There are 2 protein chains.
Amino acid sequence: LLYLTYLLDMTTSIYAEIIAIGDEVLFGQTLNTNAHFISNELQKIGVKVTRHTVIGDKQEEILYALSEAEERSDLILITGGLGPTKDDITKKTLCIFFDSDLIINEDVLNHLTGFMQKRGRELTETNRQQAMVPEKCQVLFNVIGTAPGMWFKYHKKVIISMPGVPREMQYLMDNEVIPKLKSQFKMPFIYHKIIRTYGAGESTLSDTIESWELGLPENIKLAYLPTYGEVKLRLTATGQDLEVIKQQVDAEVQKVVPMIQPHIFGYDDEELVEVVGKLLVEQGKTISTAESCTGGFIAHLITQAAGSSRYYQGGIVSYSNEIKTEQLGVNPETLMQYGAVSEETIKEMAENVRLRYKTDIGVASSGVAGPDGGSPEKPVGTVWIAFADGKETYTRKLSLFPDRLMNIQFASYSVMDMVRRKLQGWL
Amino acid sequence: LLYLTYLLDMTTSIYAEIIAIGDEVLFGQTLNTNAHFISNELQKIGVKVTRHTVIGDKQEEILYALSEAEERSDLILITGGLGPTKDDITKKTLCIFFDSDLIINEDVLNHLTGFMQKRGRELTETNRQQAMVPEKCQVLFNVIGTAPGMWFKYHKKVIISMPGVPREMQYLMDNEVIPKLKSQFKMPFIYHKIIRTYGAGESTLSDTIESWELGLPENIKLAYLPTYGEVKLRLTATGQDLEVIKQQVDAEVQKVVPMIQPHIFGYDDEELVEVVGKLLVEQGKTISTAESCTGGFIAHLITQAAGSSRYYQGGIVSYSNEIKTEQLGVNPETLMQYGAVSEETIKEMAENVRLRYKTDIGVASSGVAGPDGGSPEKPVGTVWIAFADGKETYTRKLSLFPDRLMNIQFASYSVMDMVRRKLQGWL
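Residues numbered from 1 in each chain as written. Chains lettered and ligands numbered in written order. Predicted model: local features only at pLDDT ≥ 70, side-chain atom pairs only at ≥ 80, totals over all residues. Heavy atoms only, no water.

### Quick notes on the sheet that holds strand β8 (residues 157–162) of chain A
Either a parallel or an antiparallel arrangement is found when strands of a sheet pair, and the pairing is made through backbone hydrogen bonds.
For step 1, the next point in the chain: Here 12 strands make up an open sheet; going across it, the order is β6(A)-β7(A)-β8(A)-β3(A)-β1(A)-β2(A)-β2(B)-β1(B)-β3(B)-β8(B)-β7(B)-β6(B) and the pairing mixed. Looking at which strands have only one partner, the edges of the open sheet turn out to be β6 (138–140) of chain A together with β6 (138–140) of chain B. Each strand of the sheet is rotated relative to its neighbour by a mean of 20 degrees, with strand direction disregarded.
For step 2, the next point in the chain: As judged from the 7 bridges shared by strand β1 (residues 15–21) of chain B and strand β2 (residues 48–55) of chain B, these two strands associate in the parallel manner. Bridged to I18(B) within β2(B) is H52(B).
For step 3, the next point in the chain: Against the sheet, helix α2 (residues 33–44) of chain A contacts β1 (14–21), β2 (47–55), β3 (75–79) and β8 of chain A, and its axis sits at roughly 170 degrees relative to β2(A).
For step 4, the next point in the chain: Sheet contacts for helix α3 (residues 59–72) of chain B: β2 of chain A together with β1, β2, β3 (75–79), β7 (149–154) and β8 (157–162) of chain B; angle to β1(B), the most-contacted strand, approximately 170 degrees. (Pairing = 2+ DSSP bridges. Helix = DSSP H or I, 4+ residues; strand = E, 2+ residues; numbered from the N terminus. Axes fitted to C-alpha atoms, helices over the stretch in contact; angles between N-to-C directions. Contact = heavy atoms within 4.5 Å.)

Structural data, given as structure tokens:
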């Protein structure tokens, strides 16, 4: 039941195309994640993306793609081809297209000088080239990198050029492009609400909320977006009055939430790790981790959240059995009798790290991440996880995948969700 | 269309374009992994992919994209728009484009009947529609799904239509498209070599190897591909004789390697974490980790590599000062006098974890990941890293970014690179 969020065709629609410049995408070495990210961001503000194009780093191709796109669309976003090296001809091509000259931008030059100084490096001639921009553009300041973004107005259309490094492009989209677009174009209202769930599959959720889904108003679309045990339910409403569609969506959310409450960890941009962090702060609790197969990834998830030092004391990655016994105090008998991947071991791991690290909560993981180490009784993907708070110890056995990295990530998120469910009273 | 001067490099090259039909890609819900896969496969047999295009599921858009592509390229591969619900548009559009009629293909109909029977289902009218194909096409038999692939010859060009379900498309590429292309086109060879470096910026590398780069033969192209402290140097050679271009590339690699040797950690698909793992195995050394600001991410990088239990014993995430003193034995005086983010503390962390976890090598990190916790002397992005092997302890201060996750990842990779440099004798 995957419904695509078709936007309404309104006379006020803004049509956009994304052009990625990069041989590495055409050679099949890199996925075009930039077009994916940009589409998503534009979609949120009601801009209709009608085409993605990937072309090579050649002047004729860039000029050709640009003039084609300019005939069709109101807005063109270009990524890539702006690095400091010689193979980049994008800026020169933009000068030809816009009939403009390359000039030094002093602000960009100052930024670059400081950027290099901070890294103990000299400004090279190549760096200096990066401060050159077409005279007719407005610079989009790239605080975290060296290649500036550029904003051009052309025959009532807007053409934007951004670096291809994903984090730099993302920074510019979030901080420059989206706010500027919002202020310059009048767009139909689109309102999104995302309900974020963990631990229930797409089909389970879909079966549970089927009657509600069938009764949704025409102008509200539902999409299921699954990743790693998480399923996002995204409601998208379109209309002429923002307040009206907000109220509509909120009413629908109030109807569906009670049907799937224990699986819901948050809304919109709330991440599971942040929700867990917030719960720990609110309840004044501290946590520690004891990891085997997840190899530090649970600790990484916890410490990804800013301010996690308020509740996270630390943890241990007890990869070998010696570390499990010597540093974590797991009983060697337990390991001998049941093995490292067992309910008995995982219980001791969670309970012991809690005591040794003097925290309110201890969590633990032990499993067969793969690709080797599986057996008929404990195949690759078998993972035990546990939660201990001094009163009770909860354990759970997961049967996951043949893929090592997926097992590590999935098991770690499952531990986070176990903490969330316990702190919210669902466990 | 002013810039239709498309320049062919070689008269014998086969130029291909990939057109993906799919609103889910334009909406930013799905990554265009199909174009990625197809590019990779074509590249291996020497077909030059010059463009990816993504368009919506509309007749005019498909016709437009197809006729544009047909003017430029020898080979067009289309994916998507063949599911049982969208069936009509793409196939009808292909009929219009090729001036052909839809007819029932009996072989496909038989396959579909069997396909449904095996799943205990009846052949529906929708299924029957899937057995309809344009009269002028050759069917590419889709054994694992219901939508057949189609192969058209048109003005000496080849146009291929495949379903958008990745595994069905992949099946058709491997079993039908690639073998058929090989038998029908004579293609030039393409050879890639990637030199993977860590720790030197793109512009530093570019300045260092400038003279070599300028002297590269016409048929060898160089690209810089930077991510997180890593820079890939990709050499791509084209020619009529595979052995000749391989030798050419190898000769160029031999020339450039000595110029940047200490920064090179590997070639082609080799990852830094795997190279470090291999070095540890070869030198029979074990390693342990003591992490503060990286919060488990160094451990995660190490344990991402399959078989890492051979050299990784475990580690500690000493997030709080109490854990640093109690579990890792850092001198409280050191913490008091110099603070957690200091050369003195990081030295003790690396040395102590090595002793406590009884490993040959101990590594450590401590820094201000941000967004809070910075000060004028130790701003956000200040990270100390260390390596201890019982003989010497190396420390390094990094001045990184305003972004928390970037600091965590960058610092962790820098620790891995420090281990690599020491084990390879560059430190």
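From this point, the narrative continues.
### What about the interface of chain B and chain A?
Many descriptions give the size of an interface as the accessible area lost when the pieces come together.
For step 1, the next point in the chain: Contacts between the two partners involve 88 residues from chain B and, on the opposite side, 83 residues from chain A.
For step 2, the next point in the chain: Summed over the shared surface of chain B and chain A, the number is 6 salt bridges.
For step 3, the next point in the chain: Its salt-bridge partner being R51(B), residue E68(A) comes within 3.1 Å of it at the nearest N-O pair.
For step 4, the next point in the chain: Inspection of the region where chain B meets chain A yields 38 residue pairs in polar contact (both at pLDDT 80 or more).
For step 5, the next point in the chain: For the side of chain B that touches chain A, a count of residues per class yields 37 nonpolar, 34 polar and 17 charged. (Salt bridge = Lys/Arg side-chain N within 4 Å of Asp/Glu carboxyl O. Polar contact = N/O pair within 3.5 Å; in protein donor to acceptor, adjacent residues only side chain to side chain. Nonpolar A, V, L, I, M, F, W, Y, C, P; charged D, E, K, R; others polar.)

### Digging into the sheet that holds strand β10 (residues 220–227) of chain A
Residues and elements named next belong to chain A.
For step 1, the next point in the chain: With antiparallel pairing, the 4 strands of this open sheet are ordered in space as β10-β11-β9-β12. Of all the strands in the sheet, the pair left with one neighbour each is β10 and β12 (264–267). Across the sheet, the mean angle from the axis of one strand to that of its neighbour is 20 degrees, orientation sign disregarded.
For step 2, the next point in the chain: Both β10 and strand β11 (residues 230–239) contribute to a ladder of 8 bridges, which runs antiparallel. Residue L222 lies in a different strand from β11, and its bridge partner there is L235.
For step 3, the next point in the chain: The sheet contacts of helix α16 (residues 404–423) involve β9 (189–198) and β12, and relative to β9 the element is tilted by about 90 degrees.

### With respect to the environment of Y171(A)
Residues and elements named next belong to chain A.
For step 1, the next point in the chain: Tracing the chain through its elements places Y171 in helix α7 (residues 166–184).
For step 2, the next point in the chain: The partly exposed category is assigned to Y171, whose relative accessible area is 22%.
For step 3, the next point in the chain: Each C-alpha atom of the pair Y171 and L216 lies 35 Å from the other, and the pair is 45 residues apart in sequence.
For step 4, the next point in the chain: Beyond its immediate chain neighbours, meaning those up to four positions away, Y171 contacts F141, V143, I144 and E176. (Buried < 20%, exposed > 50% of the residue type's maximum accessible area, 1.4 Å probe, protein only.)

### Looking at the pattern of salt bridges
For step 1, the next point in the chain: Applying the stated criterion to the full structure yields 27 salt bridges over all chains.
For step 2, the next point in the chain: Between E41(A) and K44(A) there is a salt bridge whose closest N-O contact spans 3.2 Å. Separated by 3 residues within a single helix, E41(A) and K44(A) lie in helix α2, roughly one turn from each other.
For step 3, the next point in the chain: Among the residues examined, E41(A) registers a relative accessible area of 14% and is labelled buried.
For step 4, the next point in the chain: A relative accessible area of 38% places K44(A) in the partly exposed class.
For step 5, the next point in the chain: With its nearest N and O atoms 3.1 Å apart, the salt bridge here joins K255(B) to E252(B). Here the residue K255(B) and the residue E252(B) both occupy positions in helix α10 (residues 242–260), the gap between them amounting to 3 residues, near one helical turn.
For step 6, the next point in the chain: A network of salt bridges, in which partner residues are shared, links E17(A), R51(A), R72(A) and E68(B).

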